[in-house]
Amino acid sequence: KLFTKDLRFDEVPVRIYLPRAPSESKRRGVIFFHGGCGMFGSIRTDERLCQYIARESDSVVVSVGYRLSPEFKYPAQSLDCLTATGHFLKTADDYGVDPNRIIVCGFSVGGTFTAYVCQELVNRKDIPKICAQVLICPFLQALNLQLPSYQKNAFTAILSQKRLARFILKYLNKDCSMAEALLAGSHVPESMNLKYRKWINPDLIPEALKLGYKPPLPTSFLPQVHEEIKELWETRFSPLLAEDAVVCHLPDACIITCEHDVLRDDGLLYKKRLEDNNIKVTWYNVEGGFHCSLGFFAYGIFSFPSSNKIANHILNFIK
């Protein structure tokens with residue numbers, strides 16, 4: 001039911017899925033960023049999901065093959081996503097897509113790129129506005145890795161709390177010996193904690209999702225660690241730190257979180273930030289879901305019930 005084409009958008013590899021059936025009007029467009037911590041994955045990783053979205057929602061889906069770290073250093077990954085999105089917005093007519101009906105969608109670090117791209121394009125007057133954003137289990141901040149979901153799922157398979165800290169450092173091509181300092185919060189000066197506590201604070205998480213949470217013990221600030229990983233404070237890395245002047249202009253959002261995911265609270269905090277700025281948010285928290293549930297979608301007996309739930313939540317929002 002689909003045509004599939006491999007192309008380049010301003011040198012960024014993309015794969016486009018186009019419904020074969022003729023359409024009386026221009027279709028919706030969906031641009032998709034795969035997960036993999038910026039170091040793993042490819043266009044092929046989420047091919048089944050992209051095919052499903054294109055087929056079931058009658059949309060033109062563009063999957064972006066951004067360059068991976070460490071071969072291509074940060075921020076090449078987010079810049080590739082921004083470049084591909086800008087190109088698609090400008091050339092949507094060429095693919096039978098209504099430029100005013102383009103949705104940006106991403107899983108895990110792809111959710112990071114989704115949030116960043118939407119923020120970066122807020123003030124662009126030369127291209128159409130993004131219609132909506134879909135963030136699936138997104139990573140959105142590196143200030144506090146001791147939020148309730150980080151503690152609750154500290155030892156969850158595939159993406160544990162310590163593994164996340166190491167992935168952050170590997171992605172930035174930094175020394176992984178700083179992982180413990182990152183987990184303890186020693187990289188954050190008190191002035192920065194005070195500045196961002198209105199946005200990143202366990203008190204903002206609903207009580208029902210904080211069972212068993214214990215406030216972390218005070219820790220000493222390590223200036224050398226802070227200096228070494230300053231990239232963590234850039235909004236392209238931690239979109240949750242964007243100013244309200246940007247957030248208030250963002251498109252409607254769908255945020256999907258999973259019960260057994262260290263990153264659940266990143267999504268919840270971003271949901272609150274968007275809603276506080278009068279942005280409409282559709283939120284799903286998938287019970288029984290874990291961080292990489294979506295990666296098993298449409299793999300037959302290897303799929304999980306949560307895999308289908310996430311895929312259907314994405315589809316229903318897009319439709």
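Nothing here was measured: the structure is a model prediction, and the numbers come from that model. (Residues numbered from 1 in each chain as written. Predicted model: local features only at pLDDT ≥ 70, side-chain atom pairs only at ≥ 80, totals over all residues. Heavy atoms only, no water.)

Visitor: Help me understand the domain arrangement of the protein chain in this model?
Guide: Accessible area lost upon the coming together of the parts serves often as the stated size of an interface. Annotation of the protein chain at the domain level lists domain 1 (2-142 + 238-318) and domain 2 (148-230). Domain 1 and domain 2 are separated by 25 Å when their C-alpha centres are compared. In this assembly, 35 residues from domain 1 lie in contact with 28 residues from domain 2. With both sides pooled, the region where domain 1 packs onto domain 2 buries about 2700 Å², and carbon together with sulfur makes up 69% of that total. It is Val262, Arg264 and Leu269 that lose the most area in domain 1 upon contact with domain 2, and together they represent 22% of the buried surface on that side. Across the contact surface, domain 1 and domain 2 share zero salt bridges. Summed over the shared surface of domain 1 and domain 2, the result is eight residue pairs in polar contact (both at pLDDT 80 or more). Looking at the side of domain 1 that touches domain 2, the elements with two or more residues in it are strand 7 (252-260), helix 10 (264-276) and strand 8 (281-290). Broken down by element, the side of domain 1 that touches domain 2 gets its largest block of residues, seven residues, from helix 10. (Domains from an automatic or database assignment. Contact = heavy atoms within 4.5 Å. Buried area = accessible area lost by both parts, 1.4 Å probe. Salt bridge = Lys/Arg side-chain N within 4 Å of Asp/Glu carboxyl O. Polar contact = N/O pair within 3.5 Å; in protein donor to acceptor, adjacent residues only side chain to side chain. Helix = DSSP H or I, 4+ residues; strand = E, 2+ residues; numbered from the N terminus.)

Visitor: Would you mind going over the packing of helix 2 (residues 76-91) against helix 3 (residues 109-120) with me for this structure?
Guide: When two helices pack together, their arrangement is given by the angle between the helix axes and the distance between those axes. At their nearest, the axes of helix 2 and helix 3 sit 10 Å apart, and the two run at 55° to each other. Of the possible angle classes, the one that applies to helix 2 and helix 3 is oblique. Where helix 2 crosses over helix 3, the handedness of that crossing is right-handed. When helix 2 is examined against helix 3, the residues Gln77, Ser78, Leu79, Cys81, Leu82 and Thr85 are found in contact with a partner set consisting of Phe113, Tyr116, Val117 and Glu120. (Axes fitted to C-alpha atoms, helices over the stretch in contact; angles between N-to-C directions. Parallel < 35°, antiparallel > 145°, perpendicular 65-115°, else oblique. Left-handed = near helix turned anticlockwise from the far one by under 90°.)

Visitor: Would you mind showing me how to read the nonpolar core here?
Guide: Where a protein is soluble and globular, its nonpolar side chains tend to be buried together. By size, the foremost hydrophobic cluster in this structure holds 82 residues, and its most contacted members are Ile168, Leu232, Phe237, Tyr270 and Leu274. If you look at the next biggest cluster of nonpolar residues, it comprises 29 residues, including Val30, Ile256, Leu315 and Ile318. (Core = buried A, V, L, I, M, F, W, Y, C linked by side-chain atoms within 4.5 Å. Buried < 20%, exposed > 50% of the residue type's maximum accessible area, 1.4 Å probe, protein only.)

Visitor: Would you explain the packing of aromatic side chains in this entry?
Guide: The geometry of an aromatic ring pair comes down to the distance between the two centres and the angle between the two planes. With the rule as written, the count across this model stands at 14 aromatic pairs. Taken together, a centroid distance of 6.1 Å and an interplanar angle of 20° make the contact between phenylalanine 9 and phenylalanine 88 stacked. A residue pair is termed long-range when its members are at least 10 positions apart, and phenylalanine 9 in strand 1 (residues 2-9) and phenylalanine 88 in helix 2 qualify at 79 residues. This pair shows no difference in class: phenylalanine 9 is buried, exactly as phenylalanine 88 is. Measuring from centroid to centroid gives 5.2 Å for phenylalanine 296 and phenylalanine 304, while their planes differ by 80°, and the two rings are edge-to-face. In this structure phenylalanine 296 comes out as partly exposed when scored by relative accessible area, which is 28%. A residue is classified by how much of its surface remains accessible, and phenylalanine 304, at 34% relative accessible area, is partly exposed. Sitting over the face of the ring of tyrosine 299, arginine 48 holds its NZ or CZ atom 3.9 Å from the ring centroid. (Phe/Tyr/Trp six-rings, centres within 6.5 Å; stacked < 30°, edge-to-face > 60°. Lys NZ or Arg CZ within 6 Å of the ring centre and 35° of its normal.)

Visitor: Whenever I open this one, the UniProt feature "domain: Alpha/beta hydrolase fold-3" (unreviewed entry) in the protein chain confuses me. Can you help?
Guide: In the numbering used here, UniProt assigns the "domain: Alpha/beta hydrolase fold-3" (unreviewed entry) feature to residues 30-174 and 234-292. Between the C-alpha atoms that bound residues 30-174 there is a distance of 34 Å. The span itself is 38% helix and 18% strand. Here residues 234-292 is 29% helix and 32% strand, with 25 Å between the C-alpha atoms at its ends. (UniProt positions renumbered as here; feature names shortened; annotations may be inferred.)

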